[in-house]
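# Fold and contact review
Here is how the chains run, residue by residue.
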Amino acid sequence: MANTLLPIEERNLTPDEVEQLDKRRRRGQLFLVLCFQSLIVATLLTLWSGQDLTLSPGWAHPVVYWNAITFTSALVFGIVGIRLKRGSNEFISY
């Protein structure tokens, strides 16, 4: 009997295709971990961003720029991670 938890397109895969699917989903999990780590760092950087905006003269606000880059990278890692991990119905902790 077929495993009904699997999507229909994944029920008749060859072992090589299953291995490629697992690699893709592991890479998606990696990107999701990078997303959450970047989000934590960016959240902590917001503490210094306000000070940088207040005290730095002119357009020289390196912490604000770094914070924006970190939030953007968290967003990109999250989107890519979700796309790569699609179809998985389990939580992988590695």
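Figured I'd write up the structure that's included with this text.

Parameters and conventions
Residues numbered from 1 in each chain as written. Predicted model: local features only at pLDDT ≥ 70, side-chain atom pairs only at ≥ 80, totals over all residues. Heavy atoms only, no water. Helix = DSSP H or I, 4+ residues; strand = E, 2+ residues; numbered from the N terminus. Rg over C-alpha atoms; globule rule 2.2 N^0.38 Å. Buried < 20%, exposed > 50% of the residue type's maximum accessible area, 1.4 Å probe, protein only. Contact = heavy atoms within 4.5 Å. Lys, Arg positive; Asp, Glu negative; His and termini not counted. Charge placed at Lys NZ, Arg CZ, Asp CG, Glu CD. Polar contact = N/O pair within 3.5 Å; in protein donor to acceptor, adjacent residues only side chain to side chain. Axes fitted to C-alpha atoms, helices over the stretch in contact; angles between N-to-C directions. Parallel < 35°, antiparallel > 145°, perpendicular 65-115°, else oblique. Left-handed = near helix turned anticlockwise from the far one by under 90°. Expected span 1.5 Å × (residues − 1). Bend = angle between axes of the 7 residues up to and from the residue.

## Quick notes on the overall build of the protein chain
Broken down by element type, the protein chain carries two helices and zero strands. The C-alpha radius of gyration of the protein chain comes to 20 Å, more than 25% above the 12 Å expected for a compact globule of 94 residues. Each principal axis of the C-alpha distribution contributes one length, and for the protein chain these read about 70 × 20 × 20 Å. Taking all 94 residues of the protein chain together, 24% fall into the buried category. Taking as baseline every contact in the protein chain between residues at least 6 positions apart, the subset at least 24 positions apart corresponds to 66%. Across the protein chain, the centroid of the 9 positively charged side chains sits 2 Å from that of the 8 negatively charged ones.

## Let's talk about the environment of Gln29
Within the secondary structure, Gln29 sits in helix H1 (residues 15-55). Considered as a pair, Gln29 and Leu13 are 16 residues apart in the sequence and their alpha carbons are 21 Å apart. At a separation of 3.4 Å, a polar atom in the side chain of Gln29 contacts the side chain of Lys85.

## Overview of the packing of H1 against helix H2 (residues 62-84)
Running from N to C, H1 and H2 point in directions that differ by 160°, and their axes come no closer than 7 Å. When the interaxial angle is binned, H1 and H2 end up roughly antiparallel. Crossing handedness for the pair H1 and H2: left-handed.

## Description of the environment of Leu34
Position of Leu34 among the secondary structure elements: in helix H1. Residue classification places Leu34 among the partly exposed residues on the basis of a relative accessible area of 28%. Considered as a pair, Leu34 and Val18 are 16 residues apart in the sequence and their alpha carbons are 24 Å apart.

## Let's talk about H1
Given a rise of 1.5 Å per residue, 41 residues ought to cover 60 Å, and the 59 Å separating the end C-alpha atoms of H1 matches this to within 8%. At Leu47, H1 is deflected by roughly 35°, the largest bend along its length. Three or more residues of H1 are buried, namely Leu21, Arg24, Arg25, Gly28, Gln29, Leu32, Cys35, Ser38, Ala42, Leu45, Ser49 and Asp52. Of the surrounding secondary structure, the elements contacted by the buried residues of H1 are H2.

So, to be careful, I would describe these as geometric facts and stop short of saying anything about function.
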